[in-house]
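# A closer look at the structure
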Amino acid sequence: MNIKKNDTVIVLSGKDKGVKGKVLVAMPSENKVIVEKVNVATCHTKPRKQGETGGIVKKETPIRACKVALYCEKCEKGVRYSVRVGESRGLECETYSFEDVQKDPALLDAFVSVMDDTSERNDFVHRDNDYLMLLFGTLKDYTDIMIVYYDKAKDTQLQNARLAEREQKVAALETAPQKKIKGLKNDIDVIDKNTKSYNERMEETKDYPEDARIPVAGGLTIRYGGFANCVFGGTRNIVRNNTRSSHYMNYLRLLRSIDLGMDYHDLGYVLCDSPETMEPDGALGPLSPNEDFVGISKFKLSFGAHYTEYIGEYILVGNSFRYWLYKELMPKAKKAKMTAVRLLKKH
């Protein structure tokens, strides 16, 4: 559990859904929190001493930590903790203009290296450097590229600080009063988990030098007329799951849109399967993401996003056999093209 005392949170579900409040007590061992003005219970008290009167007292009671999220003042929504993991694991973010990329073409190469891994992982062909420079140059006043780097030296520095903190807490256990022992042990357990995660990152990056600064995520965003559109974006395979680099980058992307006064931040499309049922009034039935888009749909909704449904294309079949050829052979042809493109890139 990564919510601490005095954090401001928002309730995600239950009778107090939407209520914001300060965390009064954090109970990591039970994975619960007590939040100001949330889950208030009415207690009847009896007089315990002569002269005391009984009465009704209202007080906050614990709720499960999964029912709340850290509240972001800038975006006025609850946010997942994953967006904050990155900085404690060596991630840093830089935003570049068209002029920056013109001066240092290696920046675009770093972005393309991210898209290479993404396209291979998700089976699509991405745009080349020339196309990206043409797009960037044409819309340079409204476009930027954001790149997230994994700084290996910074990660090691943070780990050394954690180990020093662990030594202090272990020493404190010897003289700590009973009521503080559980908290100290929980803190030590958290550091041990972070150490395990750090060791996994070191193993993943063992072929890189100790001071390596590796591009691990990138996004190209166009902002115009109050709309921010995430046109291209992706992540490298290396330290991808360990650092949550995609969460970190898209969170910063969103904050930049807010800082620049955008009214909308479009996270992109999600393809849905055609609805199998119709509503009584003739409207389309409930939509569900295509199986290839289930993961990305959950990822986008995790930012507290709202989605808008649009009707896609409908096909009137004129020749069943030709349509079958199109439907069955096109995916195979596309896959063959992908394989050919990758082979050409390698050679």
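Structure's up top.
For the structure given in this document, a descriptive report is provided here. Within each chain, residues carry numbers counting from 1 in the order of the written sequence. Residue-level local features of this predicted model are given only where pLDDT is at least 70; pairs of side-chain atoms are given and counted only at 80 or more, and the full residue set underlies all totals for whole chains, interfaces and linings. Side-chain figures throughout are based on the complete set of non-hydrogen atoms in the structure, without hydrogens or water.

### Comments concerning the sheet that holds strand E13 (residues 264-266)
Condition: Strand pairing requires that DSSP identify at least two bridges connecting the strands. Per the convention used, a helix needs a DSSP run of H or I reaching at least four residues, while a strand needs a run of E reaching at least two, with both numbered from the N terminus. Note on definitions: angles span 0 to 180 degrees between N-to-C directions of axes, and those axes are lines fitted to C-alpha atoms, for helices only across the stretch in contact.
As summarised here, the arrangement of the 5 strands in space is E9-E10-E11-E12-E13, forming an open sheet in which the pairing is mixed. Each of the sheet's edge strands pairs with one partner strand only, and the pair in question is strand E9 (91-96) and E13. Taken over all neighbouring pairs, the strand axes of this sheet differ in orientation by 25° on average, direction set aside. Taken together, the 3 bridges between strand E12 (residues 227-235) and E13 define a ladder with parallel strand orientation. For asparagine 229, the partnering residue across the bridge sits in E13 and is aspartate 266.

### Side note on the pattern of salt bridges
The criterion, for reference: Salt bridge criterion: a side-chain nitrogen from Lys or Arg within 4 Å of a carboxyl oxygen from Asp or Glu. Only protein chains enter the accessibility calculation, which uses a 1.4 Å probe; a residue is then buried when its area is under 20% of its type maximum, exposed when over 50%, and partly exposed in between.
Scanning the entire structure with this criterion turns up 11 salt bridges. As a salt-bridge pair, aspartate 144 and arginine 256 come within 2.8 Å of each other at their nearest N and O atoms. One end of the pair, aspartate 144, is in strand E10 (residues 143-151); the other, arginine 256, is in helix H8 (residues 245-259), and 112 residues separate them in sequence. Exposure remark for arginine 256: the relative accessible area of 30% places this residue in the partly exposed category. Across the pair aspartate 155 and arginine 201 runs a salt bridge whose closest N-O atoms are separated by 2.7 Å. Placement of the pair is aspartate 155 in helix H5 (residues 152-173) and arginine 201 in helix H6 (residues 178-204), with a sequence separation of 46 residues. Each member of the pair, aspartate 155 as well as arginine 201, is classed as buried.

### So, the pairing of strand E11 (residues 213-224)
Remember that side chains alternate between the two faces of the sheet whenever the strand is regular. Most of E11 is tucked away: 10 of the 12 residues are buried. Note: E10 against E11, 9 bridges, orientation antiparallel. From the neighbouring strand, tyrosine 149 faces E11, where its bridge partner is proline 215. Alignment of E11 against E12, held across 8 bridges, turns out to be antiparallel. Considered in E12, the bridge of glycine 219 is made with glycine 233. Remark: 2 residues form the turn of the hairpin made by E11 and E12, two consecutive strands paired antiparallel; glycine 225 in that turn has positive phi of roughly 60°.

### Quick look at unusual backbone geometry
Phi at asparagine 6 is positive, roughly 80°, even though this residue is not glycine. Structurally, the position occupied by asparagine 6 is in the segment before strand E1 (8-11). The phi dihedral of valine 239 is positive, around 45°, even though this residue is not glycine.

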